[in-house]
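Okay, here's what each chain looks like letter by letter:
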Amino acid sequence: MSEQLEKLRDEALLAQFTIDKQLKITLSLTMVIQRQLMLLAKKTNTPIEEMTREFILENLGNVDVPQSAIENAEKVVRQVLEK
């Protein structure tokens, strides 16, 4: 099914329920993310549960994630935890 038809299906599904507007936006975005992850899983033969943040960044963001970037992110987390 095309992306537009999937989006239409999601909107039609959500429209049937009384849900807070902000929550509806969050749910809609989550549905888009779910479709993207399913496509990525199929394309790379990688189960979603095995996808790391770096894997997603490399494959959806089309960027190379060097080890130094991973270490820098971990350093930021450690610094926040130390405060």
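Conventions adopted
- Residues numbered from 1 in each chain as written.
- Predicted model: local features only at pLDDT ≥ 70, side-chain atom pairs only at ≥ 80, totals over all residues.
- Heavy atoms only, no water.
- Axes fitted to C-alpha atoms, helices over the stretch in contact; angles between N-to-C directions.
- Helix = DSSP H or I, 4+ residues; strand = E, 2+ residues; numbered from the N terminus.
- Left-handed = near helix turned anticlockwise from the far one by under 90°.
- Contact = heavy atoms within 4.5 Å.
- Nonpolar A, V, L, I, M, F, W, Y, C, P; charged D, E, K, R; others polar.
- Core = buried A, V, L, I, M, F, W, Y, C linked by side-chain atoms within 4.5 Å.
- Buried < 20%, exposed > 50% of the residue type's maximum accessible area, 1.4 Å probe, protein only.
- Salt bridge = Lys/Arg side-chain N within 4 Å of Asp/Glu carboxyl O.

Caption draft 1: A look at the packing of helix α1 (residues 3-14) against helix α2 (residues 21-44). Between α1 and α2, the least distance of the axes is 11 Å, while the angle of their chain directions is 145°. Between α1 and α2 lies a crossing whose hand is right-handed. The segment α1 lies against α2, with Glu3, Glu6, Lys7, Asp10, Leu13 and Leu14 engaging Lys24, Leu27, Ser28, Met31, Val32, Arg35 and Gln36. Of the residues assigned to the contact of α1 with α2, the class counts are five nonpolar, two polar and six charged.

Caption draft 2: Representation of the side chain of Arg35. Mapped onto the secondary structure, Arg35 falls in helix α2. Apart from the residues within four sequence positions on either side, Arg35 is in contact with Glu3, Glu6, Lys7 and Asp10.

Caption draft 3: View of unusual backbone geometry. In the Ramachandran plot, Asn45 falls in the positive-phi region, its phi being about 55° despite a non-glycine side chain. One non-glycine residue, Asn62, lies in positive phi territory at about 55°. Residue placement: Asn62 occurs in the loop between α3 (53-60) and α4 (67-82).

Caption draft 4: Just the nonpolar core, in detail. Ranked by size, the top nonpolar core spans five residues in total: Leu37, Leu40, Ala41, Met51 and Phe55. Looking at this core element by element, the count peaks at three residues for α2. Here Phe55 is in contact with Leu40, Thr44 and Thr46, once residues within four sequence places are set aside.

Caption draft 5: Representation of the pattern of salt bridges within the structure. By the definition in use, this model includes two salt bridges. For Glu3, the salt bridge goes to Arg35, with nearest N and O atoms at 3.0 Å. Of this pair, Glu3 sits in helix α1 while Arg35 sits in helix α2, and the two are 32 residues apart along the sequence. Note on Glu3: relative accessible area 36%, which makes it partly exposed. In this structure, the salt-bridge partner of Asp10 is Arg35, at a minimum N-O distance of 2.2 Å. Pair noted here: Asp10 is in helix α1 and Arg35 is in helix α2, with a separation of 25 residues, a long-range link.

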